[in-house]
Amino acid sequence: MYTKFIAGIATAVVLSAGAASAATTFTIDVGEDSLFSTNSPATGSSASLTFAFVQVTAPGITSDVKLTVTVDNTTGDGDAFGSGATASKLVGFAFTTPDAVSLGDTASNYVGSSYFPYLLLNDDSVNGNQFNSITFDLGGGLKSTLEGSGSPSAGLDPEDGTTSVSFYLKGLDEVTMASYFEDGFEDGTLKLGLRFKAVNVTGADSDKLLYVAPTTPVPLPAGGLLLLTGLGGIALMRRRAKA
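Residues numbered from 1 in each chain as written. Predicted model: local features only at pLDDT ≥ 70, side-chain atom pairs only at ≥ 80, totals over all residues. Heavy atoms only, no water.

Asks: It is not clear to me how the environment of Leu-172 should be interpreted in this structure. Could you clarify?
Replies: By the element assignment, Leu-172 lies in the loop between β13 (162–170) and α1 (174–187). Discounting residues that sit within four places of it in the chain, Leu-172 has contacts with Ser-63, Val-65, Ala-100, Val-101, Met-177 and Tyr-180. (Helix = DSSP H or I, 4+ residues; strand = E, 2+ residues; numbered from the N terminus. Contact = heavy atoms within 4.5 Å.)

Given below as structure tokens:
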């Protein structure tokens with residue numbers, strides 16, 4: 001599922017790097033209808049990631065955008081799919097970035113969490129089908145690559161709630177950067193990968209997922225339905241006349 005929302009309440013946020021405005025935000029759910037898995041079938045592991053972009057201004061820094069990614073391991077939430085996993089440990093995530101975006105000028109341009117203490121940078125460690133040609137520009141993990149996933153016990157469990165990490169980026173303003181990321185994930189020009197361990201599925205301890213935006217069927221306009229109904233009626237009348 002692909003969900004977009006804009007923060008509805010403008011609040012002043014005070015950061016160590018300076019003042020920031022309200023965030024521009026969207027959420028990506030990596031689940032049954034929106035993933036490629038290196039396992040066949042997929043284990044049933046899933047996650048939700050919220051991307052929040054805030055313009056930051058501080059002495060000597062005029063163009064950084066703080067990207068906060070809030071991660072939730074949703075394995076076992078809702079209906080089971082794939083092999084039916086109900087528990088897993090999320091040990092890393094990574095994504096590609098628009099060409100114009102790079103790490104910013106803020107001294108600590110990555111702020112991790114206990115679940116994802118390491119910055120993933122130019123990571124091409126994951127192999128397997130659709131992962132083979134991907135180099136992830138940025139990410140967070142238990143280790144410095146998605147493949148080197150670290151101890152599963154330290155990963156994000158569905159029962160742990162959410163965790164957040166932050167990247168300081170530059171190259172575009174907050175709104176434009178958010179739009180580039182959002183559109184890129186939706187049309188497939190940007191990639192988002194996740195690494196799960198300790199999956200409770202027989203024969204599949206781990207899973208690597210690549211987000212694939214679900215396709216939405218285009219509804220036929222009401223006029224088109226009437227036209228098809230009319231044409232079907234005419235064809236039926238002709239067959240009866242011939243009979």
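Asks: Is there a simple way to think about the packing of aromatic side chains in this case?
Replies: Working definition: an aromatic ring pair is given by the centre-to-centre distance plus the angle between the planes. Going through the model one piece at a time under the given rule, you end up with 14 aromatic pairs. Measuring from centroid to centroid gives 5.4 Å for Phe-51 and Phe-185, while their planes differ by 55°, and the two rings are tilted. With Phe-51 in strand β6 (residues 47–57) and Phe-185 in helix α1, this residue pair connects regions lying 134 residues apart in the sequence. Residue classification places Phe-185 among the buried positions, given a relative accessible area of 1%. Linked through ring pairs, Phe-26, Phe-51, Phe-53, Phe-93, Phe-95, Tyr-110, Phe-116, Phe-167, Phe-181 and Phe-185 together constitute an aromatic cluster. (Phe/Tyr/Trp six-rings, centres within 6.5 Å; stacked < 30°, edge-to-face > 60°. Buried < 20%, exposed > 50% of the residue type's maximum accessible area, 1.4 Å probe, protein only.)

Asks: Looking at this structure, how should I read the pairing of strand β7 (residues 65–73)?
Replies: A regular strand places its side chains on the two faces of the sheet in alternate fashion. Where burial is concerned, most of β7 is hidden: seven out of the nine residues are buried. Looking at chain direction, β6 and β7 are connected through nine bridges and run antiparallel. The residue bridging Phe-53 from the neighbouring strand is Leu-67, located in β7. With eight bridges joining them, β7 and β13 adopt antiparallel strand pairing. Within β13, the position partnered with Thr-70 by the bridge is Ser-164. (Pairing = 2+ DSSP bridges.)

Asks: So what exactly am I meant to see when it comes to α1 here?
Replies: An α-helix turns once per 3.6 residues; consequently, residues spaced three or four apart project the same way. Between its terminal C-alpha atoms α1 stretches 20 Å, which fits the 20 Å expected from 14 residues at 1.5 Å a residue. Here α1 has its buried residues at Glu-174, Met-177, Ala-178, Phe-181, Glu-182, Gly-184 and Phe-185. Each buried residue of α1 sits inside an arc of 165° when the element is viewed along its axis, so together they form one side. Summarising the geometry of α1, the exposed residues directed more than 90 degrees from the buried face are Val-175 and Asp-187. At the exit of α1 stands Gly-188, carrying a positive phi of roughly 90°. (Expected span 1.5 Å × (residues − 1). Arc of directions from axis to C-beta.)

Asks: Sorry, what's going on with the pattern of salt bridges here?
Replies: Between side chains of opposite charge, pairing is possible as soon as their charged atoms come close. In this structure the tally under the stated criterion is five salt bridges. For Asp-105, the salt bridge goes to Lys-170, with nearest N and O atoms at 3.0 Å. A residue pair is termed long-range when its members are at least 10 positions apart, and Asp-105 in the loop between β9 (102–103) and β10 (110–111) and Lys-170 in strand β13 qualify at 65 residues. A residue is classified by how much of its surface remains accessible, and Asp-105, at 44% relative accessible area, is partly exposed. As a salt-bridge pair, Glu-147 and Arg-195 come within 3.7 Å of each other at their nearest N and O atoms. In this pair, Glu-147 is assigned in the loop between β12 (136–141) and β13 and Arg-195 in strand β14 (residues 192–197), connecting sequence segments 48 residues apart. Look at Glu-147 and you get partly exposed, because its relative accessible area is 30%. One network of salt bridges, with partners in common, ties together Glu-147, Arg-195 and Lys-208. (Salt bridge = Lys/Arg side-chain N within 4 Å of Asp/Glu carboxyl O.)

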